[in-house]
Amino acid sequence: MIAWSGEAVEHRLLFAERHLSRDIRLAYPDPRPDDWACGILRARSRQDRRGQPLWRMLNVRRQWLAMLGGLCQVCGMTGRDPLTGRVWWVITETAFRAMSRDSGLTNAPPTCLACIPESLAHCPRLRKSSAVYTVTRAEPVGVLADTFTPGPEGTAIHTGHNVYVGFDEFAMHTSCLALQLVVRLEGMRREPIS
Ligand SMILES: [Zn+2]
């Protein structure tokens, strides 16, 4: 589930008119139907696992698949506990924003129970500011994105990095490049593991 250094793809972007409508939106010069997810342009990445693994830098597509499927970010198997039906989640300060006592936003996929010890042991930063939870539900609510504004002759000028863009913020959808899917976790419960 981790990214590999050979998978990075350089993004050359422009603002182009949409087919059959006159509005312009951010696009690749050689657009493909699978460039867009939920109406937002998504960063491309290769799938061939070349180069060196980069811990904690998730491949874009694998991050989305893990988030949508509730899959473990370490082994790729389900993060759902077969006994309780709850999904195991390691919550780190840097990848979490609380919304209420038992809900919040995160861009980090689940970590299954079997992988939690390895995950905590291998990443000192994780151990320092992390806690283990299970959740009842994880609903996609938006993306972390790079944002752009139109420049001369259709060029795209970079204006922001890792900006949260909600799926209901339609006005921003045409000018951002989605890097990671963000889900809202519900029914969060702290588990006695550390
Ligand atoms: Zn796992």
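Reading the values: rules and limits
Residues numbered from 1 in each chain as written. Predicted model: local features only at pLDDT ≥ 70, side-chain atom pairs only at ≥ 80, totals over all residues. Heavy atoms only, no water. Donors = N, O, S within 2.8 Å, 3.2 Å for Na, K, Ca; no water. Tetrahedral: all angles 85-135°; square planar, octahedral: opposite > 155°, others 65-115°. Helix = DSSP H or I, 4+ residues; strand = E, 2+ residues; numbered from the N terminus. Phe/Tyr/Trp six-rings, centres within 6.5 Å; stacked < 30°, edge-to-face > 60°. Lys NZ or Arg CZ within 6 Å of the ring centre and 35° of its normal. Pairing = 2+ DSSP bridges. Buried < 20%, exposed > 50% of the residue type's maximum accessible area, 1.4 Å probe, protein only. Lys, Arg positive; Asp, Glu negative; His and termini not counted. Salt bridge = Lys/Arg side-chain N within 4 Å of Asp/Glu carboxyl O. Contact = heavy atoms within 4.5 Å.

A. Broad picture of the coordination of the zinc ion. Cys-72 (SG), Cys-75 (SG), Cys-112 (SG) and Cys-115 (SG) make up the full set of protein donors to the zinc ion, lying at 2.3 Å. Taken together, the four donor atoms coordinating the zinc ion span angles of 102 to 115 degrees at the metal, a pattern that classifies the geometry as tetrahedral. Within one chain, the residues serving as donors to the zinc ion are arranged as C-x2-C-x36-C-x2-C. Within this pair, whereas Cys-75 is found in the loop between α1 (60-69) and β7 (87-92), its partner Cys-115 is found in the loop between β9 (103-106) and α2 (116-122), the two being separated by 40 residues in sequence.

B. Expanded view of the packing of aromatic side chains. For the structure shown, the criterion picks out zero aromatic pairs. In this structure, Arg-44 packs its charged tip against the face of Tyr-28, placed 3.9 Å from the ring centre.

C. Representation of the pairing of strand β3 (residues 24-27) in the model. Bridging between strand β2 (residues 14-17) and β3 involves four bridges; their strand directions are antiparallel. Considered in β3, the bridge of Phe-15 is made with Leu-26. In textbook terms, the turn of a hairpin is the stretch between consecutive antiparallel strands, and for β2 and β3 this stretch comprises six residues, one of which, Leu-20, has a positive phi near 65 degrees.

D. Structural view of the side chain of Arg-25. Tracing the chain through its elements places Arg-25 in strand β3. Of the side chains with opposite charge, Asp-23 lies nearest to the buried Arg-25, which makes no salt bridge, at 6.6 Å. Sequence-distant contacts of Arg-25, defined by excluding residues within four places in its chain, comprise Leu-14, Phe-15, Ala-16, Arg-18, Trp-36 and Thr-174.

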